[in-house]
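# Working through the structure, step by step
Listed here are the chains, written in short residue letters.
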Amino acid sequence: MDFMNSPIEWLAWTGLHMSPWKLIGLVGALMFGGRWLVQFVASKRMGKPVIPRLFWYMSLVGSAMTLSYFLFSQKQDSVGVIQNLFPAFTAAYSLYLDIKHRGWHRDKASH
């Protein structure tokens, strides 16, 4: 068994049996889900619905991490691949449009 699919030894005392790939997948899923908290906080601050750039970064990175889990781990699940492939493209394109529209260094949501 290769390193990335082997249980992480230092987590054994916790009772968690997690491989590095599973950790990558879980962090990616948390990041992808956590983007809604970022969007909620930004909208609450602005008093209107906004999507900050961090939302798109979290979408892209979260999708890439979960996509890599489903592609390269022992899981190799085609449903997970398809489920994360399309959001990754959408996030990348939306991030491109956001940078094109608001500039590279502008971080505050203005729309």
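Rules and cut-offs
- All residue numbers refer to positions counted from 1 along the written sequence of the respective chain.
- Under the rules for a predicted model, residues below a pLDDT of 70 receive no local features and side-chain atom pairs below 80 are neither given nor counted, while totals for whole chains, interfaces and linings still include all residues.
- Neither water nor hydrogens contribute to the side-chain values; these are computed over all heavy atoms in the structure.
- Each patch groups residues whose relative accessible area exceeds 30% and which form no salt bridge, using 9 Å between like charges and 5 Å between nonpolar side chains of Val, Leu, Ile, Met, Phe, Trp and Tyr.
- Method for areas: the Shrake-Rupley scheme with a 1.4 Å probe, in which residue coverage is limited to the protein chains shown.
- For this document, the term salt bridge refers to a Lys or Arg side-chain nitrogen within 4 Å of an Asp or Glu carboxyl oxygen.
- Helix numbers and strand numbers start at the N terminus; a helix is a DSSP run of H or I with at least 4 residues, a strand a run of E with at least 2.
- Only protein chains enter the accessibility calculation, which uses a 1.4 Å probe; a residue is then buried when its area is under 20% of its type maximum, exposed when over 50%, and partly exposed in between.
- Note on contacts: a residue pair qualifies if any of its non-hydrogen atoms lie within 4.5 Å across the two residues.
- We call Phe, Tyr and Trp rings a pair once their centres come within 6.5 Å, taking the six-membered ring for Trp, and we label the pair stacked below 30 degrees between planes, edge-to-face above 60, and tilted otherwise.
- UniProt positions are given in the numbering used here, feature names are shortened, and annotations may be inferred rather than shown by experiment.

The protein appears in an unreviewed UniProt entry as Lipid-A-disaccharide synthase N-terminal domain-containing protein from Lysobacter firmicutimachus.

### Remarks on a nonpolar patch on the surface
On the surface, a cluster of nonpolar side chains totalling about 290 Å² of accessible area is made up of Leu 37, Phe 40 and Val 41. Position of Phe 40 among the secondary structure elements: in helix 1 (residues 20-46).

### Some words on the environment of Ser 73
With respect to the element layout, Ser 73 can be found in the loop between helix 2 (53-72) and helix 3 (78-102). What makes Ser 73 buried here is its relative accessible area of 3%. Note: C-alpha distance between Ser 73 and Ser 19 (54 residues apart in sequence) is 9.0 Å. The contact partners of Ser 73, leaving out residues within four places of it in the chain, are Asn 5, Trp 21 and Ser 68.

### Quick look at unusual backbone geometry
Only a minority of non-glycine residues have a phi that is not negative, and only a minority of peptide bonds are not trans. Phi angles above zero are rare outside glycine, and Gln 76 is one such case at about 40°. The residue Gln 76 is located in the loop between helix 2 and helix 3 in this model. We classify Gln 76 as exposed; its relative accessible area is 52%.

### Looking at the packing of aromatic side chains
Under the criterion given, the structure shown has 5 aromatic pairs. Here Trp 36 and Phe 55 contribute two aromatic rings whose centre-to-centre distance is 5.1 Å and whose plane-to-plane angle is 70°, an arrangement assigned as edge-to-face. Note that Trp 36 is positioned in helix 1 and Phe 55 in helix 2, a separation of 19 residues in sequence. The class of Phe 55 is buried, set by a relative accessible area of 3%. Feature note: the residues Trp 36, Phe 55 and Trp 56 constitute an aromatic cluster, connected by ring pairs.

### Section: the UniProt feature "transmembrane region" (unreviewed entry) in the protein
Under the present numbering, the feature "transmembrane region" (unreviewed entry) in UniProt falls on residues 20-42, 54-72 and 78-96. The span residues 54-72 shows a helical share of 100% and a strand share of 0%, and its end C-alpha atoms are spaced 26 Å apart. Split by type, residues 78-96 is 100% helix and 0% strand. Its first and last C-alpha atoms lie 27 Å apart.

### Focus: the pattern of salt bridges
Using the criterion set out here, one finds 2 salt bridges in the structure. Across the pair Asp 98 and Arg 53 runs a salt bridge, and its minimum N-O distance is 2.6 Å. Of this pair, Asp 98 sits in helix 3 while Arg 53 sits in helix 2, placing them 45 residues apart in sequence. Relative accessible area serves as the criterion here: at 2%, Arg 53 is assigned to the buried category. A single network of salt bridges, built from pairs that share partners, joins Arg 53, Asp 98 and Arg 102.

### Topic: the UniProt feature "domain: Lipid A biosynthesis N-terminal" (unreviewed entry) in the protein
UniProt tags residues 24-97 as "domain: Lipid A biosynthesis N-terminal" (unreviewed entry). Counted over residues 24-97, helix gives 85% and strand 0%. Its end C-alpha atoms are 28 Å apart.

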